[in-house]
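Per-entry structural report
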Amino acid sequence: MTRRYAIAGLGHRAQMYVDALLGDWSDTGTLVAFLDTNQTRMDYHNGRLPSPVPTYGPEGLPEVLESADVLIVTSVDATHADYVVAALDAGLDVVCEKPLTVDEEGCARIAAAAERSGGTLVVTFNYRYSPRNSAVREVIASGRIGDVTAVHFEWALDTAHGADYFRRWHRDRQSSGGLLVHKSTHHFDLVNWWLDSYPELVFAQTALRFYGSSGAGGGANRPPRAKGAPGLGTDPFLLDASADPRLNALYLEAEHEDGYLRDQDVFAPGVTIDDTMSVLIRYASRAVLTYSLTAYSPFEGYRVAFTGTRGRLELEVGERAWTPVNAAIDPSAGLHAGDSSWERLTVQEQWGKPEEVPIIRGTGGHGGGDKLLLDDVFRGAAAHGPDGDPLARQAGYRDGIRSVLTGVAANRSAASGSPVTLADGGTSLTA
């Protein structure tokens, strides 16, 4: 049965879903409507369709919901709750990009709507589907390292990918919740899923050390944005959006409508998010997590180690070996000539030698994980055998809420200097 899909938010992220319904998943449904605050962006995506679909501003949401069976939400993070709640209350199914929302109030509204609605809500945590992360889940579930007692998780964003959060709307905490919500929602969800547990206590310290008007990486007399700047092409922190046809069409040619600047200088005033974050978390399983995220590393990748009662499991991933000037923004788009990515998963049982665990990669983004995610989104149970997905990778609203509230709790802890506790299985914060 084919389904009718509408998309709310027609920026860069929407393209994955548009491409899917134009390509390998075209048999599962059709696009019927676009909703965005910017007509130029909707026109760009419509220009890629065989036949254009109707376009609407936010005031047209009732008409969009009337025309669709499923709403895909890829808008600015702070708007997710409004669209998700309206769609669920209209009886639609919802596919929502991470993070599910940005604050405690949005989580409560979504939870209430999900409970009263006949529709389903899927949060697209594509990292769950990456083969290396799936392999971690399999090893932990096998019991080879026993009960996990401690997790050490370091994520490094490089000065191409990390910097990009500081030139677009994510630099505003009200819009994105900061990186502990927008980006770390992936990482907190992974740990919840890997451990099959949920957080109970969070303590954090954060800072803005590199970006922003007083950041260590900036200097005097910087331009407010890249367009028209004298250093364009030589300054690695100035994004030349005109050099990328898609960025040019979606943003430079669209800014006259709403004034949104996609190429702000990362050292320009107005940054209200952090770039250096450390978090301690205790889980219901009694495992403890030590987590760090930095957004100005010379390489892109992550390291995570699990110590258990019977051994240790370590995953090391390099997504970009080094960051040349004018690097691609998204490291999953591919590495530069002469570079290589790496990934290594090792398990070491007590009194045994380390053993490397093979990782079977697929094709496409995130080692084939994006394709598996899209299969789950558009085909659901049909994407798996009669026994379903043994790794339980599809994430629902409770998963989305737990990951968001972990980030919200970390932000609150960093501001107050005190630990923050979570209740109700990690789905609410205590007063």
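Below you will find a few notes about this structure. (Residues numbered from 1 in each chain as written. Predicted model: local features only at pLDDT ≥ 70, side-chain atom pairs only at ≥ 80, totals over all residues. Heavy atoms only, no water.)

Some thoughts on the packing of aromatic side chains
- Counting across every chain of the model gives 19 aromatic pairs.
- On the numbers, 5.0 Å between centres and 10° between planes, the contact of Phe210 with Tyr296 is stacked. Taken together, the residues span a long stretch of sequence, with Phe210 in the loop between β8 (199-207) and α11 (245-252) and Tyr296 in strand β10 (residues 288-297) at a distance of 86 residues.
- Residue Tyr296 is classed as partly exposed on the basis of its relative accessible area, which comes to 25%.
- Ring geometry for Tyr211 versus Phe237: centroids 6.5 Å apart, planes at 80°, classification edge-to-face. With a gap of 26 residues between them, Tyr211 in the loop between β8 and α11 and Phe237 in the loop between β8 and α11 connect regions that are remote in the sequence.
- Its relative accessible area of 0% is what places Tyr211 among the buried residues.
- The exposure class assigned to Phe237 is buried, which follows from its relative accessible area of 13%.
- Ring pairing ties together the aromatic residues Tyr127, Phe153, Trp155, Phe188, Trp194, Tyr291, Tyr302 and Phe306, which thus form one cluster. (Phe/Tyr/Trp six-rings, centres within 6.5 Å; stacked < 30°, edge-to-face > 60°. Helix = DSSP H or I, 4+ residues; strand = E, 2+ residues; numbered from the N terminus. Buried < 20%, exposed > 50% of the residue type's maximum accessible area, 1.4 Å probe, protein only.)

Focus: the sheet that holds strand β2 (residues 29-35)
- With parallel pairing, 6 strands are arranged side by side in an open sheet as β3-β2-β1-β4-β5-β6. Each of the sheet's edge strands pairs with one partner strand only, and the pair in question is β3 (55-56) and β6 (121-124).
- For strand β1 (residues 3-8) and β2, the ladder comprises 6 bridges, and the chain directions are parallel. Residue pairing for β2: Arg4 is matched across the bridge by Thr30.
- Contacts from helix α1 (residues 15-22) reach β1, β2, β4 (70-73), β5 (93-97) and β6, with the element oriented near 150° to β2. (Pairing = 2+ DSSP bridges. Contact = heavy atoms within 4.5 Å. Axes fitted to C-alpha atoms, helices over the stretch in contact; angles between N-to-C directions.)

Focus on the nonpolar core
- Formed by 91 residues in total, the largest nonpolar core has its most connected members in Leu71, Phe153, Phe166, Trp194, Tyr211, Phe306 and Leu313.
- Among all residues touching Phe306, those that are not within four sequence positions of it are Val136, Ile140, Ile145, Val148, Ala150, Val151, Trp194, Leu195, Gly311, Arg312 and Leu313.
- Grouped together as the second largest cluster of nonpolar side chains are 23 residues, Leu10, Phe34, Met42 and Val70 included. (Core = buried A, V, L, I, M, F, W, Y, C linked by side-chain atoms within 4.5 Å.)

Describing the pattern of salt bridges
- Tallied over the full model, the rule gives 37 salt bridges.
- Residue Glu355 pairs with Arg144 through a salt bridge whose shortest N-O separation is 3.1 Å. Highlighted residues: Glu355 in strand β14 (residues 355-356) and Arg144 in the loop between α6 (131-142) and β7 (148-158), separated in sequence by 211 residues.
- On the basis of relative accessibility, which here comes to 38%, the residue Glu355 falls in the partly exposed class.
- In this structure Arg144 comes out as partly exposed when scored by relative accessible area, which is 25%.
- For Glu200, the salt bridge is made with Arg282, and the minimal N-O distance between the two is 4.0 Å. Placement of the pair is Glu200 in strand β8 and Arg282 in strand β9 (residues 276-283), with a sequence separation of 82 residues.
- We classify Glu200 as partly exposed; its relative accessible area is 27%.
- With a relative accessible area of 37%, Arg282 lands in the partly exposed category.
- One network of salt bridges, in which partners are shared, links Asp27, Lys371, Asp375 and Arg379. (Salt bridge = Lys/Arg side-chain N within 4 Å of Asp/Glu carboxyl O.)

Concerning empty space enclosed by the protein
- One pass over the full model with this rule turns up 1 cavity of 30 Å³ or more.
- Along the walls of the largest cavity sit Val122, Val123, Phe125, Arg128, Tyr129, Leu373, Asp376, Val377, Arg393, Gln394 and Ala395, which together make up its complete lining.
- Those elements giving two or more residues to the lining of the largest cavity turn out to be β6 and α13 (369-379).
- Here the element with the most residues in the lining of the largest cavity is α13; it accounts for 3 residues.
- Grouping the amino acids of the lining of the largest cavity by side-chain chemistry returns 7 nonpolar, 1 polar and 3 charged. (1 Å grid on protein atoms, 1.4 Å probe; cavity = no way out; pocket = protein on both sides within 12 Å on 5 of 7 lines; lining within 4 Å. Points joined across faces, edges and corners; volume = space filled by probe spheres on them. Nonpolar A, V, L, I, M, F, W, Y, C, P; charged D, E, K, R; others polar.)

Structural measurements only, silent on function.
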